[in-house]
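# Observations on the model geometry
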Amino acid sequence: MQQRHHERALRGQLVDRIDDQLSAVVDCYPDVPLPTNPGEPPTDSACGGRGLFRVQQRDLNGAVVNEPSPAAGGPDVPADAVWLKAHAGTPVTVAARDADASWRVLVKPLPGNTGWVVAAVAMGELDATISELIRIDLIVGALGLLLLSVVSVVLIRAGLRPLAEVEQTAAAIAAGDLSQRVPDHPPQTELGRLCLALNTMLHQIEEAFDARAQSVATAQRSEERMRRFVADAGHDLRTPLAVIRAWADHAHTGPPRDRADLERILTAVGTEATRVSTMVDDLLLLARLDQQRPLTRQPVDVLALAIDAVRDAQLLTPDREITLEADHSIAYLVSGDDLRLRQALTNLTSNALTHTPPGTPITLTLSPGRLNDAAALTLDVTDQGPGLTPEQADRVFERFYRTDTARTSTGGSGLGLAIAEALITAHTGTLTLHPTPDKGATFRITLPLTAPAD
């Protein structure tokens, strides 16, 4: 439809031009007489020699009086004065006399009402011109459309290439690789903002999945530790209770016992009962620490605690070399519970005495340190024993864990280091292990100072 509209507009412009030329021709010929001999071309130099036009002079009745250069196929203009008068001054299209063509005709009356002048021009050249222009227009339009299509395809593919990268990234993420990210693009573009939003979302999703995985792993470890804790607690409590029951059964059976025999039985029962009581006290202490109940707070001199711990250890094992290294000009004051801090330090020294061969030297080192960018002290309990394996170092602070898996009725409860860690943590400090395989181990206490060390 657009093509037809364009064709009509072009034809209208050309026909208007022809009408203007016809008007100039009929305006010219009244001043220039037509040739008197038929077939002679007009000598109208004033009309510019319009050889493309047919000019006829007709009388008042419409009959042809003179027609220069007559030829077949001219315009079929009726020899009728009524028709001439009806179309005078208005260009009109008529058919040819003996051909399938059309002519554009303009009729004008002669001065003095003596006749008519009819000017005509063939429309065949106009139709051919329009057809050629239409053909050229179609070819140019088709080539332009083809070129536009090619350019559009190239531009669309170039514009969709980043989206293809987004699709590939999404496929990789769907396959389980949450570390993939969409390539960055200029943030001032819509694609750049989209990629930035997607990467932010992917980062948050990855963090959420990592946090969930860590939470699941932590829950599994906690469940495993709880099961192991319950099993170890039951095992450790069952052994002394079984011994007490066995001695009680032994006292009620058999022949009458003398006083010495009864005292021996009661001593054994008392020893096991004390062991059970100590273990229950330790478990209650750990339960209170797990509930984060507040401890008694007062200034505590850690240097004095270290001196007492060295003195007690020397009394228990006089064959060992137990030393204290400290700068006595510094006040190692912390805010805490003197009894509980003393218990934690005693547990560490007892652990070193228990798990190292006889005669192994033990050193306590007290020095200034830093904790969370604040002034603190560090107290190292170092032995030169066989050390710990990596697996033992990972589990050394677990409750009821023993480096020696052979459990006997005379062994420890496996709660000493767990209690020491819980007590130091309750004092907003840290207890860490620095193992050195085959060269001993160092347990380091770090506590915040109440005032700068000076």
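## Here we look at the overall build of the protein chain
- Across its full length, the protein chain holds 9 helices and 12 strands.
- Scored against the burial criterion, the 454 residues of the protein chain give a buried share of 33%.
- A separation of at least 24 residues holds for 60% of the contacts in the protein chain among residues at least 6 apart in sequence.

## Focus on helix H9 (residues 416-426)
- For H9, the complete set of buried residues consists of Leu 417, Ala 418, Ile 419, Ala 420, Ala 422, Leu 423 and Ile 424.
- Following H9 by one or two positions, Thr 428 has its phi on the positive side, about 55 degrees.

## A closer look at the sheet that holds strand E1 (residues 53-58)
- An order of E2-E1-E5-E4-E3 is seen for the 5 strands of this open sheet, with the pairing classed as antiparallel. Both edges of this open sheet fall to strand E2 (64-66) and strand E3 (92-95), since each of them pairs with a single strand only. Each neighbouring strand pair of the sheet contributes to a mean axis angle of 40 degrees, computed without reference to strand direction.
- Sheet analysis places E1 next to strand E5 (residues 116-122), joined by 6 bridges and oriented antiparallel. If you follow Arg 54 over to E5, its bridge partner there is Ala 120.

## Focus on the side chain of Thr 363
- Its place among the elements puts Thr 363 in strand E9 (residues 362-371).
- Ignoring anything within four residues of it in the chain, the contact list for Thr 363 reads Thr 323, Glu 325, Asp 380, Val 381 and Thr 382.

## Overview of the environment of Val 300
- Along the polypeptide, Val 300 turns up in strand E6 (residues 298-301).
- As a C-alpha pair, Val 300 and Asp 337 span 37 residues in sequence and 7.3 Å in three-dimensional space.
- Leaving out residues up to four positions away in the same chain, Val 300 has contacts with Leu 305, Tyr 332, Leu 333, Val 334, Gly 336, Asp 337, Asp 338 and Leu 341.

## Considering the side chain of Thr 349
- Examined against the element boundaries, Thr 349 turns out to sit in helix H7 (residues 338-354).
- In contact with Thr 349, other than residues within four places in its own chain, are Ala 309 and Leu 364.

## Brief notes about the packing of helix H6 (residues 302-316) against H7
- Direction vectors running N to C along H6 and H7 enclose 40 degrees, while the axes themselves pass 10 Å from each other. Relative to H7, the element H6 is oriented oblique. Every pair of crossing elements has a handedness; the one defined by H6 and H7 is right-handed. Together, Leu 305, Ala 306, Asp 308, Ala 309 and Ala 313 of H6 and Asp 338, Leu 341, Arg 342, Leu 345, Thr 349 and Leu 353 of H7 make up the contact between the two elements.
- Split into classes, the residues belonging to the contact of H6 with H7 amount to 7 nonpolar, 1 polar and 3 charged.

## What to know about the sheet that holds strand E11 (residues 430-435)
- Here we have 5 strands laid out as an open sheet, ordered E7-E9-E10-E12-E11, and mixed in their pairing. Of all strands in the sheet, those bounded by a partner on one side alone are strand E7 (322-326) and E11. Pairs of neighbouring strands in the sheet enclose a mean axial angle of 25 degrees, with direction left out of account.
- Two elements, strand E10 (residues 374-383) and strand E12 (residues 441-448), share 8 bridges in a ladder whose sense is antiparallel. In the sheet register, Leu 377 faces E12, and the bridge partner there is Leu 447.
- Across the sheet, H9 lies against E11 and E12, angled at about 135 degrees from E11, the strand it touches most.

## Side note on the packing of H7 against H9
- At a minimum axis distance of 9 Å, the contact between H7 and H9 shows a crossing angle of 145 degrees. Here H7 runs over H9; the crossing is left-handed. Across from Arg 340, Leu 341, Gln 343, Ala 344, Asn 347, Leu 348 and Asn 351 in H7, the residues of H9 making contact are Gly 416, Leu 417, Ile 419, Ala 420, Leu 423 and Ile 424.
- Looking at the contact of H7 with H9 residue by residue, the classes come out as 8 nonpolar, 4 polar and 1 charged.

## Things to note about the pairing of E9
- Note: E7 against E9, 5 bridges, orientation parallel. Following the sheet pairing, Ala 326 is matched in E9 by Leu 366.
- Where E9 and E10 come together, 10 bridges link them in antiparallel fashion. The residue bridging Leu 366 from the neighbouring strand is Leu 379, located in E10.
- The turn linking E9 back onto E10 is made up of 2 residues, and Asn 372 within it adopts a positive phi angle of 55 degrees.

## Digging into unusual backbone geometry
- If you check the backbone angles, Asn 372 has positive phi at about 55 degrees while not being a glycine.
- Looking at where Asn 372 falls in the secondary structure, it is placed in the loop between E9 and E10.
- Phi at Thr 428 takes a positive value of approximately 55 degrees, unusual for a residue other than glycine.
- Note that Thr 428 resides in the loop between H9 and E11.

Procedures and definitions
Residue numbers restart at each chain and count upward from 1, following the sequence in its written direction. The predicted origin of the model limits local features to residues at a pLDDT of at least 70 and limits the giving and counting of side-chain atom pairs to 80 or more, whereas totals for whole chains, interfaces and linings rest on all residues. Processing note: side-chain calculations cover all non-hydrogen atoms of the structure and skip hydrogens and water entirely. Put simply, DSSP H or I for four residues or longer makes a helix, DSSP E for two residues or longer makes a strand, and each gets a number counted from the N terminus. For each residue, the accessible area found with a 1.4 Å probe, counting protein chains only, is set against the maximum for its type, and the residue is called buried under 20%, exposed over 50%, and partly exposed in between. Should any heavy atoms of two residues lie within 4.5 Å, those residues are considered in contact. Between any two strands, at least two bridges found by DSSP are needed for them to pair. As a rule, the C-alpha atoms of each element are fitted with a line to give its axis, helices using only the stretch in contact, and angles between N-to-C directions run from 0 to 180 degrees. Oblique is the label for every angle not falling under 35 degrees (roughly parallel), over 145 degrees (roughly antiparallel), or within 65 to 115 degrees (roughly perpendicular). In this scheme the handedness of a crossing depends on how the near helix is turned from the far one: anticlockwise by less than a right angle means left-handed, clockwise means right-handed. All residues other than Ala, Val, Leu, Ile, Met, Phe, Trp, Tyr, Cys, Pro, Asp, Glu, Lys and Arg, Gly among them, are scored as polar; the first ten of these are nonpolar and the last four charged.

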